[in-house]
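Listed below, chain by chain, are the residues.
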Amino acid sequence: MTRSVLVTGGNRGLGLAIARAFAAAGDAVAVTHRGSGAPDGLLGVKCDVTDSSQVARAFEEIKEAHGPVEVLVSNAGITDDALLLRMREESFTRVIDTNLTGAYRVARAAVSDMIRARHGRMIFISSVAGTKGVPGQANYAASKAGLIGLARALARELAARGVTSNVIAPGLLDTDMTSELTDRYKQQILDEVPLGRTATLDEIAAAAVWLASADAASVTGQVITIDGGGSLGH
Ligand code: NDP
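Residues numbered from 1 in each chain as written. Predicted model: local features only at pLDDT ≥ 70, side-chain atom pairs only at ≥ 80, totals over all residues.

### Topic: the packing of helix α2 (residues 52-66) against helix α3 (residues 89-117)
In step 1: At a closest axis distance of 10 Å, the pairing of α2 and α3 adopts a crossing angle of 40°. On the basis of their axis angle, the class for α2 and α3 is oblique. α3 is crossed by α2, and the crossing has right-handed handedness. Between α2, through S52, V55, A56 and F59, and α3, the contact on the second element is made entirely by R105, V106 and A109.
In step 2: Here the contact of α2 with α3 is composed, by residue class, of 5 nonpolar, 1 polar and 1 charged. (Axes fitted to C-alpha atoms, helices over the stretch in contact; angles between N-to-C directions. Helix = DSSP H or I, 4+ residues; strand = E, 2+ residues; numbered from the N terminus. Parallel < 35°, antiparallel > 145°, perpendicular 65-115°, else oblique. Left-handed = near helix turned anticlockwise from the far one by under 90°. Contact = placed C-beta atoms within 7 Å. Nonpolar A, V, L, I, M, F, W, Y, C, P; charged D, E, K, R; others polar.)

Okay, structure coming up:
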């Protein structure tokens with residue numbers, strides 16, 4: 001059955017890989033963008049997740065085109081790295097506003113239709129930065145750890161309504177977000193990874209598709225870490 005899926009930040013990077021995986025599985029997929037438009041085959045809705053009114057409008061557009069959102073993948077995210085000594089308050093609050101409060105905004109917009117349908121899937125894209133901590137990423141790590149608390153609270157709150165809420169925590173991925181990291185820094189990360197490599201975007205996307213599937217109906221409040229084993233024990 002075709003479901004209505006929304007992937008925030010699904011216009012590029014990991015979000016696009018996730019959006020394409022759902023589309024390949026036969027779902028009707030919408031992605032947010034902030035002006036770039038959407039790749040072919042996906043419904044683009046212009047939406048900055050830091051703006052509640054844009055979020056509300058995006059959900060209305062999707063409802064009209066595909067029906068109420070049944071699967072929400074909250075993926076939009078940013079970094080703004082600095083050591084704490086140099087981290088401006090604006091940088092801290094901007095990253096939290098996008099990565100964490102943005103996820104709250106889209107979950108809030110999705111929840112009433114999911115409750116009404118007595119079915120829904122919320123998937124939050126966190127990061128191993130949120131569980132391990134990464135120097136220079138106090139803002140980002142705090143936002144990504146916050147997503148785990150958010151998802152687990154929602155898991156308990158919404159379980160009786162047939163809605164599951166889970167987190168995927170990837171390790172290092174090859175996207176624009178990491179394109180400026182030096183090869184030396186990336187190699188340092190890989191040196192700590194038992195499998196010797198982190199995940200591909202398609203591997204993360206496959207986990208999202210599974211979490212939204214009937215096979216994962218009994219999975220809620222979980223953090224699925226996909227990082228080649230690099231954060232084992234955290
Ligand atoms: P990219 O920088 O490639 O893409 C970021 C996406 O988020 C873009 O689609 C961007 O939209 C969107 N976005 C950013 N801010 C907003 C906003 N205010 N409103 C709406 N959309 C917004 O990053 P990745 O694909 O790598 O990251 C995707 C997710 O995966 C993020 O949450 C990230 O934290 C997480 N992650 C990434 C890892 C990595 O190594 N890359 C590792 C672990 C987790 P636009 O095109 O308009 O800018």
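From this point, things continue past the structure.
### A few points about helix α5 (residues 138-158)
In step 1: For α5, which comprises 21 residues, the first-to-last C-alpha distance of 30 Å matches the rise-based estimate of 30 Å (1.5 Å per residue) to within 8%.
In step 2: Buried within α5 we find N139, Y140, A141, S143, K144, L147, L150, A151 and L154.
In step 3: On its buried face, α5 sits against α3, β5 (120-125), α4 (129-132) and β6 (163-170). (Expected span 1.5 Å × (residues − 1). Buried ≥ 20, exposed ≤ 12 C-beta atoms within 10 Å, placed from the backbone.)

### Thoughts on the environment of G102
In step 1: Looking at the element boundaries, G102 is found in helix α3.
In step 2: With 26 C-beta atoms packed within 10 Å, G102 lands in the buried category.
In step 3: Here the alpha-carbon distance between G102 and S52, two residues 50 residues apart in the chain, equals 8.5 Å.
In step 4: With sequence-adjacent residues up to four places away left out, G102 is seen in contact with V49, T50, A76 and D97.

### Here we look at the environment of G149
In step 1: Within the secondary structure layout, G149 lies in helix α5.
In step 2: Spatially, the C-alpha atoms of G149 and A110 are 18 Å apart, while their sequence positions differ by 39 residues.

### Examining the UniProt feature "domain: Ketoreductase" (unreviewed entry) in the chain
In step 1: When the UniProt feature table is mapped onto this chain numbering, "domain: Ketoreductase" (unreviewed entry) sits at residues 3-176.
In step 2: Between the end C-alpha atoms of residues 3-176 there is a gap of 29 Å, over a span that is 47% helix and 18% strand. (UniProt positions renumbered as here; feature names shortened; annotations may be inferred.)

### Brief notes about the site of the ligand
In step 1: Neighbouring the ligand are 29 residues, the closest being G9, G13, R34, G77 and T175.
In step 2: Taken together, the elements giving at least two residues each to the shell around the ligand come down to α1 (13-24), β2 (28-33) and α3.
In step 3: The dominant element in the shell around the ligand, judged by the number of residues it contributes, is α1, at 3 residues.
In step 4: Tallied by class, residues from the shell around the ligand come to 9 nonpolar, 16 polar and 4 charged. (Near = placed C-beta within 6 Å.)

### What to know about the pairing of strand β1 (residues 4-7)
Here is the key point about a regular strand: its side chains alternate between the two faces of the sheet.
In step 1: The alternating pattern of β1 places S4 and L6 and V5 and V7 on opposite faces, both of which are buried.
In step 2: With 4 bridges joining them, β1 and β2 adopt parallel strand pairing. Paired with S4 across the strands is A28, a residue of β2.
In step 3: What joins β1 to β2 is α1, and the crossover it makes is right-handed.
In step 4: Looking at chain direction, β1 and strand β4 (residues 71-74) are connected through 3 bridges and run parallel. Within β4, the position partnered with V7 by the bridge is V73. (Pairing = 2+ DSSP bridges. Right-handed = clockwise from strand over helix to strand, strands pointing away.)

### Here we look at the nonpolar core
Taken as a class, soluble globular proteins show a tendency for nonpolar side chains to be buried jointly.
In step 1: In this structure, I18, L72 and A208 are the most contacted members of the largest nonpolar core, which totals 60 residues.
In step 2: For this core, the leading source of residues is α3, giving 9 residues.
In step 3: Among residues more than four places away in sequence, those in contact with L72 are L6, V106, A107, A110, M122 and I123. (Core = buried A, V, L, I, M, F, W, Y, C linked by C-beta atoms within 7 Å.)

### A word on the packing of α3 against α5
For any two helices packed against each other, one specifies the inter-axial angle together with the distance between the axes.
In step 1: Interaxial distance between α3 and α5 falls to 8 Å at its minimum, and their mutual angle equals 20°. It follows from the interaxial angle that α3 and α5 lie roughly parallel. Seen along the crossing, α3 lies across α5 with a hand that is right-handed. In this structure, α3 uses S91, F92, V95, I96, N99, L100, A103, Y104 and A107 to contact α5, whose residues at the interface are N139, Y140, A142, S143, K144, G146, L147, L150 and L154.
In step 2: Residues that form the contact of α3 with α5 fall into these classes: 12 nonpolar, 5 polar and 1 charged.

### Some words on unusual backbone geometry
In step 1: Non-glycine residue R118 carries a positive phi angle of around 55°.
In step 2: Within the secondary structure, R118 sits in the loop between α3 and β5.

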